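Residue-level structure breakdown
Below, each chain spelled out in residue letters.
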Amino acid sequence: MPKHTPSATPGDGGAAVTTWYTSPAAVAAARRMAAAGVVGDPACAMAAVGRPDPALLPRTGRVGIGQSGDYTCLVA
């Protein structure tokens, strides 16, 4: 996702806005997961192979995302 892209958070009628940004910590965690071939890193609030469902994250104003191959890390 591009840096600083506001989007409505699902389930709240579009009132809340979450800012998505490329997080260096999330990118590093995604690279570690990809290198190890496992899902899960202490830096990630949510980790997945493929695209995670952002509705599963706690409501927050900023979500950092990092990707490496099929591995995705979200930092809230």
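See the structure shown above.
A few points on the structure.

Cut-offs applied
- Counting restarts for each chain, with residues numbered from 1 along the sequence as it is written.
- Where local features are concerned, this predicted model is filtered to residues with pLDDT of at least 70; where side-chain atom pairs are given and counted, the filter is 80 or more; whole-chain, interface and lining totals use all residues.
- Think of the side-chain values as coming from all heavy atoms in the structure, minus any hydrogens and water.
- Going along the chain from the N terminus, every DSSP run of H or I of four or more residues is numbered as a helix, and every run of E of two or more is numbered as a strand.
- Exposed residues in this analysis have more than 50% of their type's maximum accessible area, buried residues have under 20%, and partly exposed residues fall in between, with area computed by a 1.4 Å probe over protein chains only.
- Residue contacts follow a heavy-atom distance rule, with two residues in contact if any of their heavy atoms lie within 4.5 Å.
- Definition of nonpolar core: a set of buried residues of the types Ala, Val, Leu, Ile, Met, Phe, Trp, Tyr and Cys, connected through side-chain atoms within 4.5 Å.
- The disulfide definition used here is simple: a pair of cysteine sulfur atoms within 2.5 Å.
- Given a helix with a known number of residues, its expected span is that number minus one, times 1.5 Å.
- Think of it as the arc spanned by the lines of direction from the helix axis to the C-beta atoms.

Structurally, Cys-73 is set in strand 5 (residues 71-75). Residue class for Cys-73 comes out buried when judged on its relative accessible area of 0%. On a C-alpha basis, the gap between Cys-73 and Ala-30 in space is 5.5 Å, while along the polypeptide they are 43 residues apart. In contact with Cys-73, other than residues within four places in its own chain, are Ala-26, Ala-29, Ala-30, Met-33, Ala-43, Cys-44, Met-46, Gly-64, Ile-65 and Gly-66.

A few words now on the nonpolar core. Core analysis: the largest hydrophobic core is formed by 8 residues, namely Ala-26, Ala-29, Ala-30, Met-33, Cys-44, Tyr-71, Cys-73 and Val-75. Looking at this core, the elements that each hand over two or more residues are helix 1 (24-36) and strand 5. When residues no more than four places from it in sequence are discounted, the contact partners of Cys-44 are Ala-29, Met-33, Cys-73 and Leu-74. Within the second largest apolar cluster, 6 residues are counted, among which are Trp-20, Met-46, Leu-57 and Leu-74.

Now for the state of the cysteines. Counted by the stated rule, this structure contains 1 disulfide. Two residues, Cys-44 and Cys-73, share a disulfide whose sulfurs are 2.1 Å apart. A torsion of -120 degrees about the S-S bond marks the disulfide between Cys-44 and Cys-73 as left-handed. Here Cys-44 is found in the loop between helix 1 and strand 3 (46-49), whereas its partner Cys-73 is found in strand 5, with 29 residues between them in sequence. With relative accessibility at 14%, the residue Cys-44 sits in the buried group.

An α-helical turn contains 3.6 residues, so a residue and the one three or four places further along point in the same direction. Over its 13 residues, helix 1 extends 18 Å from the first C-alpha to the last, a length consistent with the 18 Å expected when each residue adds 1.5 Å. Of the positions making up helix 1, those classed as buried are Ala-26, Val-27, Ala-29, Ala-30 and Met-33. Projected onto a plane normal to the axis of helix 1, the buried residues spread over an arc of 165 degrees and lie on a single side. Those residues of helix 1 that are exposed and aimed more than 90 degrees away from the buried face are Pro-24, Arg-31, Ala-35 and Ala-36. Its buried side turned inward, helix 1 meets strand 2 (17-22), strand 3, strand 4 (62-68) and strand 5. In the segment just after helix 1, Gly-37 is the residue with positive phi, at about 70 degrees.

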